[in-house]
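Chain by chain, the residues:
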Amino acid sequence: QVQLVESGGGLVQAGGSLRLSCAASGRTFSTYAMGWFRQAPGKERLLVAAISSGGSTSYADSVKGRFTISRDNAKKTVYLQMNSLKPEDTAVYYCAADFNYRILVADKGIRNWGQGTQVTVSS
């Protein structure tokens, strides 16, 4: 089990940038696959970006070229750099962790979730 705490959300104008951080507890952070998901009101939760324990990444088509996921194992933190933000990026963003990258990417039974952080992009 790992505890996850997100930070960095807020209100930004379209075209602006934000960086989300997710700090994890525990001694085995480096072995976890990490991901960022988002959920807008009335919509389903969707994967935004994921990074494996080995550093492989995947992104939703809607954020490719604008968002970058990265991890710092020494700090037990995963980041989501969001550039060129659009109003449709408005959502609650959740950090997630699982030992199994495929489970994480498929969002099927992920074992560890953060509490979420609100990102609002104004037009």
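Structure: see above.
Residues numbered from 1 in each chain as written. Predicted model: local features only at pLDDT ≥ 70, side-chain atom pairs only at ≥ 80, totals over all residues. Heavy atoms only, no water.

## Quick look at unusual backbone geometry
For step 1, the next point in the chain: Although it is not a glycine, Lys76 adopts a positive phi angle of roughly 55°.
For step 2, the next point in the chain: Residue position: Lys76 is located in the loop between strand 7 (67-72) and strand 8 (77-82).
For step 3, the next point in the chain: Exposure remark for Lys76: the relative accessible area of 28% places this residue in the partly exposed category.
For step 4, the next point in the chain: Positioned with a positive phi, Ser84 is a non-glycine residue whose angle comes to about 50°.
For step 5, the next point in the chain: Topologically, Ser84 is positioned in the loop between strand 8 and strand 9 (91-98). (Helix = DSSP H or I, 4+ residues; strand = E, 2+ residues; numbered from the N terminus. Buried < 20%, exposed > 50% of the residue type's maximum accessible area, 1.4 Å probe, protein only.)

## Details of the side chain of Arg71
For step 1, the next point in the chain: Structurally, the position occupied by Arg71 is in strand 7.
For step 2, the next point in the chain: Within the buried set, Arg71 has no salt-bridge partner at all; the shortest N-O distance to an opposite charge, 8.4 Å, is to Asp72.
For step 3, the next point in the chain: A distance of 2.7 Å separates the side chain of Arg71 from the backbone oxygen of Tyr32, its partner in a polar contact.
For step 4, the next point in the chain: Engagement of the side chain of Arg71 in a polar contact is seen with the side chain of Asn73, the distance being 2.9 Å.
For step 5, the next point in the chain: What Arg71 contacts, discounting residues up to four positions off in sequence, is Phe29, Ser30, Tyr32, Ala33, Met34, Ile51, Ser52, Ser53, Thr77 and Val78. (Lys, Arg positive; Asp, Glu negative; His and termini not counted. Salt bridge = Lys/Arg side-chain N within 4 Å of Asp/Glu carboxyl O. Polar contact = N/O pair within 3.5 Å; in protein donor to acceptor, adjacent residues only side chain to side chain. Contact = heavy atoms within 4.5 Å.)

## Observations regarding the state of the cysteines
For step 1, the next point in the chain: In this structure the tally under the stated criterion is 1 disulfide.
For step 2, the next point in the chain: Two residues, Cys22 and Cys95, share a disulfide whose sulfurs are 2.1 Å apart. Because the sign of the S-S torsion sets the handedness, a value of about -80° for the bond joining Cys22 and Cys95 places this disulfide among the left-handed ones. Here Cys22 is found in strand 3 (residues 18-24), whereas its partner Cys95 is found in strand 9, with 73 residues between them in sequence.
For step 3, the next point in the chain: On the basis of relative accessible area, Cys22 is assigned to the buried category, the value being 0%.
For step 4, the next point in the chain: Its relative accessible area of 0% is what places Cys95 among the buried residues. (Disulfide = S-S within 2.5 Å.)

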